[in-house]
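Report on the structure
Chain residues, written in single-letter form:
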Amino acid sequence: PYFSCRVLEKVQGSEWKVEKLGAREGVKTVNVTVKILDVNDPPEFRPPVLVVYKDENLPSGTFVGKVTAFDNDKAFPNTFRYSIGKDVAEWVRIDYKTGEVKTKKILDRESPHVINNMYNITVLATDDGVPALTGTGTLAVILKDLNDNVPELQSNFTSVCESDSEQTISIAIEDKDLDPFSGPFHFELLDSEDYLLGRWTVEEK
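Presented here is an overview of the structure given in this document. This is a predicted model, so every value here is computed, not measured.

The rules behind the values
Residues numbered from 1 in each chain as written. Predicted model: local features only at pLDDT ≥ 70, side-chain atom pairs only at ≥ 80, totals over all residues. Heavy atoms only, no water. Helix = DSSP H or I, 4+ residues; strand = E, 2+ residues; numbered from the N terminus. Contact = heavy atoms within 4.5 Å. Phe/Tyr/Trp six-rings, centres within 6.5 Å; stacked < 30°, edge-to-face > 60°. Buried < 20%, exposed > 50% of the residue type's maximum accessible area, 1.4 Å probe, protein only. Core = buried A, V, L, I, M, F, W, Y, C linked by side-chain atoms within 4.5 Å. Pairing = 2+ DSSP bridges. Axes fitted to C-alpha atoms, helices over the stretch in contact; angles between N-to-C directions. Salt bridge = Lys/Arg side-chain N within 4 Å of Asp/Glu carboxyl O. Patch = residues over 30% accessible without salt bridge, like charges linked within 9 Å, V, L, I, M, F, W, Y side chains within 5 Å. Areas by Shrake-Rupley, 256 points an atom, 1.4 Å probe, with all protein chains shown as cover.

Digging into the overall build of the protein
Of the regular secondary structure elements, the protein holds 1 helix and 13 strands. Secondary structure elements of the protein, listed N to C terminal, follow the sequence β-β-β-β-β-β-β-β-β-β-β-β-β-α. Partitioning the contacts of the protein with sequence separation of at least 6, the portion at a separation of at least 24 is 58%.

What about the packing of aromatic side chains?
For the coordinates displayed, the defined rule picks out 3 aromatic pairs. Centre to centre, the rings of Phe-45 and Tyr-82 are 6.2 Å apart; their planes meet at 50 degrees, and the pair counts as tilted. Here Phe-45, found in strand β3 (residues 44–45), pairs with Tyr-82, found in strand β7 (residues 80–86); they are 37 residues apart in sequence, far enough to count as distant. Of the two residues, Phe-45 and Tyr-82, both sit in the buried class.

Considering the nonpolar core
Counting 21 residues, the largest nonpolar core has Phe-45, Val-67, Tyr-82, Trp-91, Ile-121, Leu-139 and Val-141 as the members making the most contacts within it. In terms of residue count, strand β10 (residues 118–127) provides more of this core than any other element does, 4 residues in total.

Quick notes on the sheet that holds β10
Read from one edge to the other, the open sheet built from 4 strands follows the order β4-β11-β10-β7, with strand pairing classed as mixed. What marks the edges here is a single partner per strand, and that holds for β4 (49–55) and β7. Averaged over all pairs of adjacent strands, the angle between their axes in this sheet comes to 30 degrees, without regard to strand direction. Bridge analysis of β7 against β10 gives 6 bridges, and the strand direction is antiparallel. Across the sheet, Tyr-82 pairs through a bridge with Ala-125, a residue of β10.

Things to note about the pairing of strand β11 (residues 134–144)
Summarising the sheet, β4 and β11 pair through 7 bridges and their orientation is parallel. Following the sheet pairing, Asp-55 is matched in β11 by Lys-144. Alignment of β10 against β11, held across 9 bridges, turns out to be antiparallel. By the bridge assignment for β11, Tyr-119 is matched with Val-141. Connecting β10 to the next strand, β11, in antiparallel fashion are 6 residues.

Regarding the sheet that holds strand β5 (residues 63–66)
Pairing is antiparallel in the open sheet, where 3 strands are placed in the order β5-β9-β8. Each edge of the open sheet is held by one strand with a lone partner, namely β5 and β8 (92–94). Adjacent strand axes in the sheet meet at a mean angle of 25 degrees, parallel and antiparallel pairs treated alike. When β8 meets strand β9 (residues 100–103), the two strands line up antiparallel, connected through 3 bridges.

With respect to the pattern of salt bridges
Applying the stated criterion to the full structure yields 2 salt bridges. Of the charged contacts in the structure, one is a salt bridge between Lys-105 and Glu-90, with a shortest N-O distance of 4.0 Å. Of this pair, Lys-105 sits in the loop between β9 and β10 while Glu-90 sits in the loop between β7 and β8, and the two are 15 residues apart along the sequence. Taking the relative accessible area as the measure of exposure, Glu-90 reaches 46% and is therefore partly exposed.

Comments concerning the environment of Glu-204
Looking at the secondary structure, you find Glu-204 in the segment after α1 (194–197). Here the alpha-carbon distance between Glu-204 and His-186, two residues 18 residues apart in the chain, equals 7.0 Å. Excluding residues that lie within four positions of it along the chain, Glu-204 makes contacts with Phe-185, His-186 and Phe-187.

Quick notes on a nonpolar patch on the surface
Residues Val-160, Leu-189, Trp-200 and Val-202 make up a contiguous nonpolar surface patch of roughly 300 Å² in combined accessible area. Locating Val-160 in the fold gives a position in the loop between β12 (152–153) and β13 (173–174).

Description of the environment of Ser-83
Here Ser-83 lies in strand β7. For Ser-83, a relative accessible area of 26% puts it in the partly exposed group. The sequence separation of Ser-83 and Ile-94 amounts to 11 residues, and the corresponding C-alpha distance is 6.2 Å. Residues within four places of Ser-83 in sequence aside, it is in contact with Ile-94, Val-123 and Leu-124.

Take a look at the structure:
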C-alpha cells in the first residue's frame, strides 16, 4: 500500500522524525520491473597491489613481474592496453598487451627512490570503451641488498696538533649496504715509509 507522511523534525546526521498519515484510499499497487543498463566501467587489477621480490643490480631486460587487469562489463567486452603510470627512476618498461614488466635500467636498492627496500611502480590499464576508462594498480618491488658498495670515509681530511704525548684521531666510516655487508671494517696503514709506520698505529673499535 501507498503511505504518506509529514516531517515533524529534521535531525541532522540521523533519521528524521515523521508522522505516518496512513494509506491513501483509491490507490492501487503494481509490480514494476526496473531494467538496469550496463555502462562502461574501468578495468580492475587483481590483485590491486602485486608484491615481488628481486635482487638489486639486475641487468636490463630482466623479468620483474606480470600485472593482470580484468573488465567486469558484460555488455562491453572491451580490450585494454597496459602502460606505466609512475616510475620515478625510469627503471622498467611494460608490454602493452601482456602486462609483463621488465627492467630497462639496473635496479639499485641504495637509490633515494627506494623506501625501506621497496620501489613502487604505478601501472595502468586503459580500455577501448566510449569514453575510454583507465584502471590503476601498483607493482611493489622489494629489493634484496647485495654487497655492492665500498666503505667510504666520512671525511678525507683531519688535523692534529703536534705534541710529545700520544694523540688519537677517530675515523668515521660509512657503508650504504645493510648488514652483514656494512661492517665490521678492517683498517691498515698503506704507506710503507718507516717514518709513518713508526709513529702511527691503527686500532679497530
